[in-house]
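# Descriptive structure summary
Chain by chain, the residues:
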Amino acid sequence: MSCPLCERVKLTEAGKYPYLIHEFKHSYLMLGEHQFYNGYSVLILKEHFREMTDLPNHISTEFFQEMMTASKAIEKAFGPKKMNMCSLGNVVDHVHWHFFPRYANDPEFFDPPWMRMKDFESARVSPAQAAINIEKIKKAIG
Ligand SMILES: [Zn+2]
């Protein structure tokens, strides 16, 4: 049984995933392939775990710090009014976190980002278009 995020991790390790922002010890930070919310990124655990509660304590502690570093970098790079971080895993049950920067001019600011999911595809970015936001976040991570 193949997992699409294990496949993406393999592709990234082979240097073939063009949306990679940063490699952490336990995870990869990738720019979202759509930018409906400018700066949208995903943090993917390298190893396949189904639930956060399945992680050994030392990994969950270090992974939490990676999440904080990722979120701070996105905040610094884009200056959102609020960061939405979420981990669901109902579709792909490999631990990953979505980072949605939410802006003051968003008319649906109080709604969860998934309410606009049908519009995500229209905001798809090519690797060349993604490069600008990838650089901004890289610079913010330092
Ligand atoms: Zn997996």
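Everything here concerns the structure above.
The structure reproduced in this document is the subject of the present report. (Residues numbered from 1 in each chain as written. Predicted model: local features only at pLDDT ≥ 70, side-chain atom pairs only at ≥ 80, totals over all residues. Heavy atoms only, no water.)

### Section: the sheet that holds strand S1 (residues 20-23)
Defined as follows: Strand pairing is defined by DSSP finding a minimum of two bridges between the two strands. Under the scheme used here, helices are H or I runs from DSSP no shorter than 4 residues and strands are E runs no shorter than 2 residues, and both carry numbers assigned from the N terminus. Helix axes are fitted to C-alpha atoms over the stretch in contact, other axes to C-alpha atoms as well, and angles between N-to-C directions run from 0 to 180 degrees. Pairs of residues are marked as contacts when any of their non-hydrogen atoms sit within 4.5 Å.
With antiparallel pairing, the five strands of this open sheet are ordered in space as S1-S2-S3-S5-S4. Two strands in the sheet have a free side with no partner beyond their single neighbour: S1 and strand S4 (82-86). Direction aside, the axes of adjacent strands within the sheet are offset by 20° on average. As defined by bridge partners, strand S2 (residues 27-31) adjoins strand S3 (residues 41-45) across five bridges and the pair is classed as antiparallel. Bridged to leucine 31 within S3 is serine 41. Running at roughly 25° to strand S5 (residues 96-102), helix H2 (residues 57-78) makes contact with S2, S3, S4 and S5 of the sheet.

### A few points about the coordination of the zinc ion
To keep things clear, this is the line we draw: Donors, by definition, are the N, O and S atoms found within 2.8 Å of a metal, the threshold being 3.2 Å for Na, K and Ca, and water is not counted, so a site can look incomplete. Irregular is the default label, applied whenever a site is not tetrahedral (four donors, all angles between 85 and 135 degrees) and neither square planar nor octahedral (four or six donors, opposite donors over 155 degrees apart, all other angles between 65 and 115).
Protein coordination of the zinc ion is provided by Cys3 (SG), Cys6 (SG), His48 (ND1) and His94 (ND1), with donor distances spanning 2.0 to 2.3 Å. Viewed at the metal, the four donor atoms of the zinc ion are separated by angles of 106 to 118°, and the geometry they form is tetrahedral. The sequence pattern describing where the donors of the zinc ion fall on their chain is C-x2-C-x41-H-x45-H. A residue pair is termed long-range when its members are at least 10 positions apart, and cysteine 6 in helix H1 (residues 4-13) and histidine 48 in the loop between S3 and H2 qualify at 42 residues.

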